[in-house]
Amino acid sequence: MGARPRRRRAAAAAATAAAAAAPGPLGALLAAALLAAAGAQQSATVANPVSGASPDLLPHFQLEPEDVYIVKNKAVSLACRATPATQIYFKCNGEWVHQGDHVTQQSTDRSTGLPVMEVRIEVTRQQVEKIFGLEEYWCQCVAWSSSGTTKSQKAFVRIAYLRKNFEQEPMAREVSIEQGIVLPCRPPEGIPPAEVEWLRNEELVDPALDANVYVTPEHSLVLRQARLADTANYTCVAKNIVARRRSASAAITVYVNGGWSTWTQWSSCSTSCGRGWQKRSRTCTNPTPLNGGAFCEGQNVQKTACTTLCPVDGAWSEWSKWSVCGAECTHWRSRECSEPAPRNGGRDCRGSELDTRNCTSELCSHATPGAEDVALYVGLVAVAVCLVLLLLVGVLVYCRKKGGLDADVADSSILTAGFQPVSIKPSKADNPSLLTIQPDLSTATMTYQGSLCPRQDGPAKLQLPNGHLLSPLGAGRHTLHHSSPAIEGADFMARLSTQSYFRSLPRGTTNMAYGTFNFLGGRLMIPNTGISLLIPPDAIPRGKIYEVYLTLHKQEEVRLPLAGCQTLLSPIVSCGPPGVLLTRPAILAMGHCVEASAENWSIRLKKQSCEGTWEDVLQLGAEPCTELYYCQLEAQACYVFTEQLGRFALVGESLSMAASKRLKLVLFAPAACPSLEYNIRVYCLSDTQDVLKEVIQLEKQLGGQLIGAPRVLHFKDSYHNLRLSIHDMPSSLWKSKLLASYQEIPFYHIWSGLQPFLHCTFTLERLSPSTCELACKIWVWQVEGDGQSFTVNFNIAKDTRFSDWLVPDSEVGAPALVGPSAFKIPFLIRQKIISSLDPPGTRGADWRTLAQKLNLDSHLSFFASKPSPTAMILNLWEARHFPNGNLSQLATAVAEVGKQDGALFAVSEAEC
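**Considerations on the sheet that holds strand S1 (residues 60-63)**
Strands sit in the order S1-S3-S7-S6 across an open sheet of four strands; the sheet is antiparallel. A strand with exactly one partner marks an edge of an open sheet, and here the two such strands are S1 and strand S6 (103-108). Averaged over neighbouring strand pairs, the angle between their axes works out to 25 degrees when direction is ignored. Here six bridges tie S6 to strand S7 (residues 115-123), and the two strands are oriented antiparallel to one another. Bridging across to S7, Val103 finds its partner in Arg120.

Take a look at the structure:
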């Protein structure tokens, strides 16, 4: 059995030798056939091994051929080594390699003693190119032993190359700092595939050393956040065993856009006295623009008007009259540092405010009284006290019989008896401090008769006799007739229309009041606007009758020029006719919307001349340039004293960005909603009664209803717009048709004050006709300023919680009140107070103390410039407190003045 394999191997060897000896193609074909037959016999041998043969004797490879690349024209070598092996041949692409191309080396394994055979062949570029495009070129070793054959792994032989052109190269870019950068790179095609690396300014980029850099599997270079140091030229490099290719360099520029620094503080005013300018600046250094970054937008310098209050040195007023010669034979006179009073750092008056001198030419005797003189004086005083008590009793009895006064009525309220007509007898009351009973002045004819003397209980009470108070009217019956505005309205308007200066006045009566007045004075009011005109008694000369009107102008009808930071703070109001002679100032009352402070505002009263130009007639807080005008500015209203009627408006100029106006925010919506759309209108109004009245009238015509209580917003002079937005609306029931996230009203439209009815509309859509409940929030805010929010939650079909706002309460009284019905203080009592407090009193018991009690002491210089300071104080009180003023408070103030001088309101028997 052992001879049979040997014979077969010998036959195969012989066949191979014969084939090798055969010439050309014939030898090759013969060798292939013989080797195939021998291989078949060997396979049959492996498949059917000899009985008793060991499988360990099959050849196994110690070295197998590996994949190789042909670079340019260099041939490559393939090698394999097996043990135990008697023959090894290479087979390439299914064909046996010629035996002559094999380089064989035989040896013996020292550890096992088995034969070892190693074979090498060379493969040229031409051999591979013969089958290029059909399949890949591969070679495999086949090893024989006495037990069978073994095949090695296939080794592929490829031609290496690297094309020149990149499939995608990086491109130059300009990016903002901290922006991400991606530089793509697709290397040229090649075998083996090219490896990619990146160069930054010809230096290798190593992602392991820089966490801000990494390379993607697609070979793109990624910079997570661009830094200024990343500005460079970037190159993509591709290389394999054949060549090294470089892409075009891509210049990356990292730029920085400029940013403004914070504003500097405002500079000091350019003038030390009066109007000037101040400025502030900022620089484009936060950050500074780099590498072509954009420069900051906007101005680097802001200018604003400023007003520096000029120092006013004090000056003495005229000396008062000499006082009565006193017990010490001296009299005195005084003066005040009030013409003008020092302010704004001005110097005080120099000298003494009190001057005394002897009044008997040194003839007074100042001997010290003896004991007998003291006793004499005590006796005289006791007799005088008794006489006074008897006199008081007689006066009380006489007054009770004549006047029919009840004994229970106390005199602690000084205005109780004097402020009521004589024809009315007060009823008994448990309260000893009986309030004033007002006369019925509702008719067109008013009657005054008789005289009145109040009861006196003691010196601590303030007593007001009638006495000479009745002298202007006498002791008889007097009837005052005045015409009714309703009766004479058409005739009055016809007369006004003939005057060219007033042809622009509205012909309706909604924003106008008019009446006929004489020396008794009166009052005009435009209902629900807070606008009124008070004509004090004796302002119209006796014997003259004036037809006076009061008009509220719509802002679109009157052109009021505004410049710079100026803004309209009040309604534009006319009173007239202009040119009439007034002997005392009338008081025009109107609302305003300014949050006044001397540091933030310069406020001026403007008046239109007959030529139509507007002139500044008064600057609030400054020394009046004329005594014709004066203004008392309060939180929500101003009271203008004027001796010349005309057209007035209050205009402010902001001095800083902290200056603010009050805006009234009002929400309206339709009372009925027949369609799916529903509109919410948000009005941004100046916070004055007249503008709110106009909007309410407008919404009543549109069929609107108020859906939230009005709110107040402080709008600052910061050049920032007003924004409005709607939120928290249930998306399953409603949707908003607003495309942007908010609406905006430009700053100047609001700040000028010339557009009274600014509003924004939010259009909503119901997703179902049955939806009636609306819940949402509406935000209104100034950018970087104050804001307000409205929580809307109501039923659009039946909710009328705020319907009362649409019907404002009518003001008490008619638009025109003539004579005593226009005043809270009765005429006679008024005259008595004036005559008592106008003259300088001892220990300050005069009009100055009354002004202090009524918190009007800041206007002393104005009151003192008028013939009757007390009349000015009472007129201002009437303007501020009509019709709901509390007479008890005024009575208390007058009483406290009287306590300082017990003889101020003493009642004589003759007066009673």
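**With respect to the sheet that holds strand S16 (residues 213-215)**
Strand order in the open sheet made by the three strands is S12-S17-S16, with antiparallel pairing throughout. Edge positions in the sheet fall to strand S12 (181-183) and S16, since each has one partner strand and no second. With direction set aside, neighbouring strand axes in the sheet form an average angle of 15 degrees.

**A few points about the pattern of salt bridges**
Applying the stated criterion to the full structure yields 32 salt bridges. Notably, a salt bridge pairs Glu197 with Lys239, separated by 3.9 Å at the nearest N-O pair. Pair noted here: Glu197 is in strand S14 (residues 195-200) and Lys239 is in strand S18 (residues 232-239), with a separation of 42 residues, a long-range link. Put simply, Lys664 and Asp687 hold a salt bridge, and the shortest N to O gap is 3.4 Å. With Lys664 in strand S39 (residues 660-670) and Asp687 in the loop between strand S40 (677-686) and helix H7 (689-702), this residue pair connects regions lying 23 residues apart in the sequence. Judged by relative accessible area, Asp687 falls into the buried class, the value being 11%. The structure contains a network of salt bridges with shared partners spanning Arg200, Asp210, Arg227 and Asp230.

**Here we look at the environment of Leu685**
The residue Leu685 is located in strand S40 in this model. On a C-alpha basis, the gap between Leu685 and Val695 in space is 8.9 Å, while along the polypeptide they are ten residues apart. Not counting residues within four places of it along the chain, the set of residues in contact with Leu685 comprises Arg662, Leu663, Lys664, Val666, Val691, Leu692, Val695, Pro756 and Phe757.

**Points about the state of the cysteines**
This structure, assessed with the given rule, holds eight disulfides. Bridging Cys185 to Cys236, the disulfide has an S-S length of 1.9 Å. Where Cys185 bonds to Cys236 through sulfur, the torsion about that S-S bond is close to -75 degrees, and the disulfide is left-handed. Here Cys185 is found in the loop between S12 and strand S13 (190-191), whereas its partner Cys236 is found in strand S18, with 51 residues between them in sequence. Neither residue differs from the other here; Cys185 and Cys236 are each classed as buried. In this model, Cys284 is linked to Cys296 through a disulfide, with the two sulfur atoms separated by 2.0 Å. With the S-S dihedral at roughly 80 degrees, the linkage between Cys284 and Cys296 falls on the right-handed side. Remark: Cys296 occurs in the loop between strand S21 (274-281) and strand S22 (301-308) and Cys284 occurs in the loop between S21 and S22; sequence separation between them is twelve residues. Neither Cys284 nor Cys296 differs from the other in exposure class; each is buried. Among the cysteines around Cys772, which has no disulfide bond, Cys673 carries the closest sulfur, lying 8.3 Å off.

**Overview of H7**
Counted at 1.5 Å a residue, the expected span for H7 with its 14 residues is 20 Å, and the 20 Å between its end C-alpha atoms agrees. Of the positions making up H7, those classed as buried are Asp690, Val691, Leu692, Lys693, Glu694, Val695, Ile696 and Glu699. On its buried side, H7 packs onto strand S28 (522-526), strand S30 (546-553), S39, S40 and strand S41 (704-706). Just downstream of H7 lies Gly703, where phi reads positive at about 75 degrees.

Basis of the calculations
- Residues numbered from 1 in each chain as written.
- Predicted model: local features only at pLDDT ≥ 70, side-chain atom pairs only at ≥ 80, totals over all residues.
- Heavy atoms only, no water.
- Pairing = 2+ DSSP bridges.
- Helix = DSSP H or I, 4+ residues; strand = E, 2+ residues; numbered from the N terminus.
- Axes fitted to C-alpha atoms, helices over the stretch in contact; angles between N-to-C directions.
- Salt bridge = Lys/Arg side-chain N within 4 Å of Asp/Glu carboxyl O.
- Buried < 20%, exposed > 50% of the residue type's maximum accessible area, 1.4 Å probe, protein only.
- Contact = heavy atoms within 4.5 Å.
- Disulfide = S-S within 2.5 Å.
- Expected span 1.5 Å × (residues − 1).

Geometry only, nothing functional implied.
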